[in-house]
Structure formats: C-alpha cells, structure tokens
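# Coordinates in review
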Amino acid sequence: GKIDVFDVADTLSETPFAAFKKGQLLEAVVVQDAVGDDLAAMKVRLSIRPSALNSEISAQDITDPAIMSVADLSVGQIVHGFVKQTSAVGCFVALGRNVTGRALISELSDEYIRDVKSAFPAGKFVAAVITNVDIGRERVSLSLRPSQVGATTGSGGEKKRRLDQIEVGETLKGTITRIEDYGVFVRPDDAFSTGLCYVREIADSDAPVDPKALYEVGDRVLAKVLKVDAANNKLGLGLKSSYFAEGSDDEDSDDEISDDEISDDKDTDNEESEIAESNNDETGSDESDDEAAESSDEESDASDDEGDSEVNNLALAVSGGFRWNEGEDDEAGSQASASDADSDASDDETSSKAKKNNKRSKMQKISQDVTADLAEQAPRAASDFERLVMGSPDSSFMWIQFMTHYLGQSEVEQAREIAERALKTITPREEQEKMNVWVAMLNLEHRFGTKDTLDEVLKRSLQFMNPKHVYLQMAKIYERADQIADAERMHKIAISKFSESCKVWVLFGLLLLKNDKIDESRDLLARALRSLPKRKHVKAITQFGQMEFKHGEPERGRTVFEGVLGTYPKRVDLWSVYLDIEISSATRQGLDAADPNGRCWEPTRKLFERVVSMKNSSKKMKFFFKKWLKFEKDHGTEATVEHVKQKAREYVNSLGA
C-alpha cells in the first residue's frame, strides 16, 4: 500500500515521514481500493491519520482536515500544502491527494522575489489562503502572501503587521526599495505591505521635485501613513518634513539609524534595484545578464594590463578611464553568439532619456565655460581639479584623476576624502560611474591601506554595487598583484553566490589556466555544467574551449569544439568561433611565419571545406564563403583564392539546378 503525505497526520508538517523507519509496524486504514487486474502492480491507498483510525476524534481537534475534492474548500480558508511546480507566472500547490491549487506570482509574497523558482522549489511546505473556488471547473486560486495567510513575523523572525492593522496618521520607519518619476516605494520595517509616496507628498516646496535626485534605493526614511486601503492592498505614505514638525525629542532619537542597520537594509534592497551596467561589461536584465556580454570578459585580465596606464602611481592605473575590457571587444566580435547583447533598458530610462540628454548638454556647457583656460594645459593643482569636477560632477574619470593627483604627492588620506566626495556627488543613476570610483578605492586600499581598510571598503562596495561585479574586480586586483591565492578566494566566493552565472565560472577557469592549473580548470568546467542552466552549457563549453586554445592545449580545445559541433552542427556562431580561434592560434604561435609553404593552414582549410559542404541556407553559405575568401587573401595564394571562388560558383550553380 501507499501512504500519501496528506495521510500521515492531522497536522501537516514540512517533514511528514521523518519519524518513521524501515520495518516499523504501522496501523493504517484503507482509504482507496486498488485498481487493475495485475495483482503484482496493484497498490491500495492507506492512511495513518489519527482521525481516520479513530472516528471519535472531533473535527475541532484536526488542524488540517483531509481535502478530498474542490468542494471541501471555501474562500478565506487557511490550508497547508506542498509546492508541485513553479514557473514564471506562479506555482501549483498540492492541497490533497487529488486537489491542486494555483497561486499567481503576485500572490506568492509581500516582498519582491528575484528568483521565484529558488524561493518556491518543488516539495516546499507552504501555508495558503483560498481566494477563489470554481467547483464546476475544479479550479482553486490561492494566495501565499504572509499578510493574507495571517502570519505575524517576517522571514527573519521580526514582528510584522498586516495592512488592516496599520492606522492612518501613524509614523513608520522604512527603507526605500524603488524610485520612479511619480514617487518612491517604501517598505516599512514592521509591515508586510510596501507603501507608495507620491512626488507631491515628498517635500513641502511648491516647486517640482525630482525624487531620484533626493533619494537612493536603500535610504532609510521616516514616513507618515496617509491612506490605508486593505481591500486593494494599497498603502499611501508621506515624507514631508511638516508631517513630523510636532514630533518630540524622543521620536528624533528613535529615528537615528546605526551604520550596521543601514548596511543591512542596503544589502537587502540592492537585490531589488536594477543595476545600470556599462557597455564594457554587461547589459540587460539579470536574466540575460550572462547572455549579453560574458563572452567578451573571458580574457579581461590580458587586456587589463595593457589598457591601464600609470599616472605617477602604480596602484590606480586610471588614465584609461577604467575601461577594464578594452582589449576584449575585438575578441568578442568573433563570437556571433554574443551578438544579442541588446540593451534591455527599463521603461523608466526610456521615458527620462530626453531629460537626461538636456541635463548632459547643460553640464557640458558649464564644463566648457568653467574650464576654458584648462583646455590647452593639463590640470596641475588641486584648484584645477576642483574646477574640473565642478564642471563634470558625474565624471568618475575626473574624480579618479583628482585622487591620482594626491597620491602622486603621497597624500593618501586626501585621496580617500576625494573618493568619498565622489560617491556622494555622483548622481545615483550613474551606477557605472560610481562603480569606477569604488574600484579605484579598492585599488587604493590594496596598494596603500591595510587589510582592515581594504576589507571595510570591500564590504561597503558590496552593499551599494552589484556584488558579482565587485567580487570579480577584486579578483582582478589580486591577480595583477600576483596574489593568486586571494584571487582564487574571490572567485570561489563569486561562484558560491552566483553559480548560475556563466561569467564567474569562465573567469575562474581562465585564472587557473593562466597559472598552469590545467587539471583544476578542467574539473571546474564539469562543476560549472552541473550548476549552470542548460541554456548556458554551450556557451560555457565553447568559452572553456577557446581558453584551452590560448592558455592550455590547442588539441584539447579542438576536441571540445568538435564535440559541441557534433551536437549542434547548424550553429553558424559556433563554426565562426571555431574558425577564428584556429586562425588566431596559428598566428599567435608563429606557425605561419615558420612555415612558408603554408602547411600550418591545412587544418583551417579542412574546416572551411567541411562547413561549406554542409546543407545550410544561402545566407549562411554566403557568410562562410566570404569568410573563407578573406582568409585565403590574407594567408593563402592566388591558387587557393581561385579555389574558393570556384567552390562558390559550384554552390551557386547547384542552387539553379
């Protein structure tokens, strides 16, 4: 017989079978007969619920009564169940042996959830409230939001209130989780629901207010409750200073927020904020965060040392404007798979684009006026830099040059103060500019500070910026200083926190290969394939194959590409990358110069022969013939060029036949 999770006890739990052992004698009752003629395969349904074994137990003593059909449910009823499946639109929850309910994604939590599947994996024990029952269609709608289920504490055990327990006029402490042109969203510390403060309720001034200029995501605020709509789950808040003018001294002292408290809130809300990433690193939403530009980062350090020039100081290397991936774009151009790095800008950025351009044009005019006398000579004194940063307050390049000026005079503390000023001055929307300053601070502390000061800056940068980018940049700093063990430590932290990111695996593998840890790098690929989503497997394998060509064994790299192309023979991007890496490998090793007869190019020519002999669309074939013709013009002879043209003519004639 079979005992379902719903037939174990009258009170459901997260681990219903934890108390049972193999061979244990149980008393059970048959609740469903076996079906079928095959005696060996026949199984009956059993129940060991106390209420099923003893009919004298009253219904009041049963916490979770057995749900046999949709008719046993009613709107408003609190039930428990187990998650069956989670998708991008919500999840299905098993409520009984034959009853399943659905909770839409908006009904899963009172707070923002970035990864729904990780938060609600299959088998998770949940509490839910019935919001709708359709007996005719046998459909049940659920809400898993703690505020609806009746929870009194948050995920961390802190006390929380439902919306109907909040009164108009009371004061709430909270954290800003999102900023829009029309207002700011505030999550109260002791409530499940997030409130909205419209722009007209932010300041007492009659002049237009820009909330993005006043607040940043993660700021702690004091808010007045202006409206409570429990039916529609809406909470209206006000931030005007006049709302708190009559507050006592005690209220003021309570409103003081410690650094640790701010740090915790910043770290939490940073997951909700959308990080605007530079074109030199990654673009797009977090879902496509590896898809867009990771392929251009696989050898970032090889170009870092070339792109970073030193200005009176080895630590900062900032004259390139912190273009960390300067040499990688050409390499990424050979990978057609990286061509979908289209920016996934938000609606907010689109709507404010015109305003942003106007502000920039005004700023440029100010910069030209203020720094007119500096146009023909480089800044030399602190006053020159002050005028420059006044004209371009959002330019990280200017601020970093200012820092370098003080470091050149061995005034490290002054350089630190300039960095802090830069972080406070640069507008919150310029995320990449701020990231540049944070990296400059990490470089500064690594070169001139102590381990404690470096750890402190690293901790702060993780709170305010994208943690994955920070860990990878810190790993690069350690690698440039030949502190390989520390670089590996940063990569391991990044992998543990962002195991579904192809980029973190590839960069760690590159570090291992460049330090002759070939076996460890190959083992890392196997680990990566176990952690990465299947849609990223091809990318990871091909990038590790390219690294084998450049830093490992080219023959193993060929084996990797042959294996992938055996599975995906029609992938034009993979063929293109394979051909490019073969050509660059021979050129880099100097085989073309050492072989005047051109025999070193035979493997590449065989690849071209293979790909043009395959059945592809005319558009793809044209791409490969043009690529082959260019290759022969660069590395072949007149005879090989004519051979390609003849092959192309034969293909065209075959189409007309």
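Our subject is the structure that appears above.
A brief report on the enclosed structure follows. (Residues numbered from 1 in each chain as written. Predicted model: local features only at pLDDT ≥ 70, side-chain atom pairs only at ≥ 80, totals over all residues. Heavy atoms only, no water.)

## Brief notes about the pattern of salt bridges
For side chains of opposite charge, pairing can occur when their charged atoms come near one another. Applying the stated criterion to the full structure yields 25 salt bridges. The partner of glutamate 180 in a salt bridge is arginine 178, with the nearest N and O atoms 2.8 Å apart. Given the relative accessible area of 14%, glutamate 180 is considered buried. Arginine 178 gets classed as partly exposed once you look at its relative accessible area, which sits at 39%. Across the salt bridge formed by arginine 416 and glutamate 413, the nearest N and O atoms sit 3.1 Å from each other. With arginine 416 and glutamate 413 both in helix H13 (residues 412-425), this residue pair falls 3 residues apart, about one helical turn. Salt bridges sharing common partners tie together Arg522, Glu548, Glu553 and Arg556. (Salt bridge = Lys/Arg side-chain N within 4 Å of Asp/Glu carboxyl O. Buried < 20%, exposed > 50% of the residue type's maximum accessible area, 1.4 Å probe, protein only. Helix = DSSP H or I, 4+ residues; strand = E, 2+ residues; numbered from the N terminus.)

## Considerations on the packing of aromatic side chains
In the structure shown here, the tally under the stated rule is 13 aromatic pairs. Relative to phenylalanine 125, the ring of phenylalanine 82 has its centre 5.2 Å away and its plane inclined at 50°; by these criteria the two rings are tilted. On the criterion of sequence distance, the pair formed by phenylalanine 82 in strand S4 (residues 78-87) and phenylalanine 125 in strand S7 (residues 125-134) is long-range, its members being 43 residues apart. Accessibility expressed as a relative area gives 10% for phenylalanine 82, which makes it buried. Seen from their ring centres, phenylalanine 385 and phenylalanine 402 are 5.2 Å apart, and the 10° between their planes marks the pair as stacked. Of this pair, phenylalanine 385 sits in helix H11 (residues 382-391) while phenylalanine 402 is found in helix H12 (residues 396-408), placing the two residues 17 residues apart along the sequence. Each member of the pair phenylalanine 385 and phenylalanine 402 is classed as buried. Sitting above the plane of the phenylalanine 120 ring, lysine 124 keeps its charged end 4.7 Å from the centroid. (Phe/Tyr/Trp six-rings, centres within 6.5 Å; stacked < 30°, edge-to-face > 60°. Lys NZ or Arg CZ within 6 Å of the ring centre and 35° of its normal.)

## Observations regarding helix H19 (residues 518-531)
Structurally, the α-helix is built with 3.6 residues per turn, so residues lying three or four positions apart point the same way. With 14 residues, H19 ought to run about 20 Å at 1.5 Å a step, and its terminal C-alpha atoms sit 20 Å apart, in line with that. Those residues of H19 lying buried are Ser521, Arg522, Leu524, Leu525 and Ala528. Buried residues of H19, seen end-on, are gathered within an arc of 150° and therefore sit on one face of the element. H19 presents Asp519, Asp523 and Arg530 as exposed residues on the side facing more than 90 degrees away from its buried surface. Where H19 is buried, its residues touch helix H17 (484-497), helix H18 (502-514), helix H20 (537-551) and helix H21 (554-567). (Expected span 1.5 Å × (residues − 1). Arc of directions from axis to C-beta. Contact = heavy atoms within 4.5 Å.)

## Some words on the environment of leucine 104
Summarising the element assignment, leucine 104 is placed in strand S6 (residues 100-104). Given a relative accessible area of 41%, leucine 104 falls into the partly exposed group. Considered as a pair, leucine 104 and serine 143 are 39 residues apart in the sequence and their alpha carbons are 7.7 Å apart. With residues near it in sequence (within four places) discarded, leucine 104 still touches Val89 and Gly90.

## Quick word on the packing of H18 against H20
Two numbers describe how H18 lies on H20: the axes approach to 10 Å, and their chain directions differ by 20°. With respect to each other, H18 and H20 are oriented roughly parallel. Here H18 runs over H20; the crossing is right-handed. The segment H18 lies against H20, with Cys502, Trp505, Val506, Gly509, Leu510, Leu513 and Lys514 engaging Lys539, Ala540, Gln543, Phe544, Met547, Glu548 and His551. Looking at the contact of H18 with H20 residue by residue, the classes come out as 8 nonpolar, 3 polar and 3 charged. (Axes fitted to C-alpha atoms, helices over the stretch in contact; angles between N-to-C directions. Parallel < 35°, antiparallel > 145°, perpendicular 65-115°, else oblique. Left-handed = near helix turned anticlockwise from the far one by under 90°. Nonpolar A, V, L, I, M, F, W, Y, C, P; charged D, E, K, R; others polar.)

## Some details on the nonpolar core
Among the nonpolar cores identified, the biggest contains 58 residues, and Leu442 and Met474 are the most heavily contacted of them. It is H18 that provides the largest number of residues to this core, a total of 10 residues. If sequence neighbours within four positions are ignored, methionine 474 has contacts with Leu442, Leu454, Leu458 and Met490. In terms of nonpolar packing, the next biggest core, distinct from the first, is built from 28 residues, Phe549, Phe561, Leu565 and Leu607 among them. (Core = buried A, V, L, I, M, F, W, Y, C linked by side-chain atoms within 4.5 Å.)

## Some words on the pairing of strand S11 (residues 195-198)
Bridge count between strand S10 (residues 183-188) and S11: 4 bridges; the pairing is antiparallel. Following the sheet pairing, valine 184 is matched in S11 by cysteine 197. Between S10 and the antiparallel strand that follows it, S11, lie 6 residues. (Pairing = 2+ DSSP bridges.)

## Here we look at helix H24 (residues 602-612)
Of all the residues in H24, the buried ones are Thr604, Arg605, Leu607, Phe608, Val611 and Val612. The arc that holds every buried residue of H24, seen down its axis, measures 155°, which confines them to one face.

## Section: the side chain of serine 521
Examined against the element boundaries, serine 521 turns out to sit in helix H19. Taking the relative accessible area as the measure of exposure, serine 521 reaches 1% and is therefore buried. Reaching out from serine 521, the side chain makes a polar contact with the backbone oxygen of glycine 509 at a distance of 3.4 Å. (Polar contact = N/O pair within 3.5 Å; in protein donor to acceptor, adjacent residues only side chain to side chain.)

## Examining unusual backbone geometry
Backbone geometry places glutamate 138, a non-glycine residue, at a positive phi of 55°. Summarising the element assignment, glutamate 138 is placed in the loop between S7 and strand S8 (139-143). Its identity as a non-glycine residue notwithstanding, serine 410 has a phi of 65°, on the positive side. With respect to the secondary-structure elements, serine 410 resides in the loop between H12 and H13. A relative accessible area of 64% places serine 410 in the exposed class.

## As for the packing of H13 against helix H14 (residues 431-448)
Between H13 and H14, whose axes approach to 10 Å, the crossing angle comes to 160°. Judged on the interaxial angle alone, H14 and H13 are roughly antiparallel. As H13 packs across H14, the resulting crossing turns out to be left-handed. For the pair H13 and H14, the contacting residues are Val412, Ala415, Arg416, Ala419, Glu420, Ala422 and Leu423 in the first and Lys434, Val437, Trp438, Met441, Leu444, Glu445 and Phe448 in the second. Of the residues in the contact of H13 with H14, the class split is 10 nonpolar, no polar and 4 charged.

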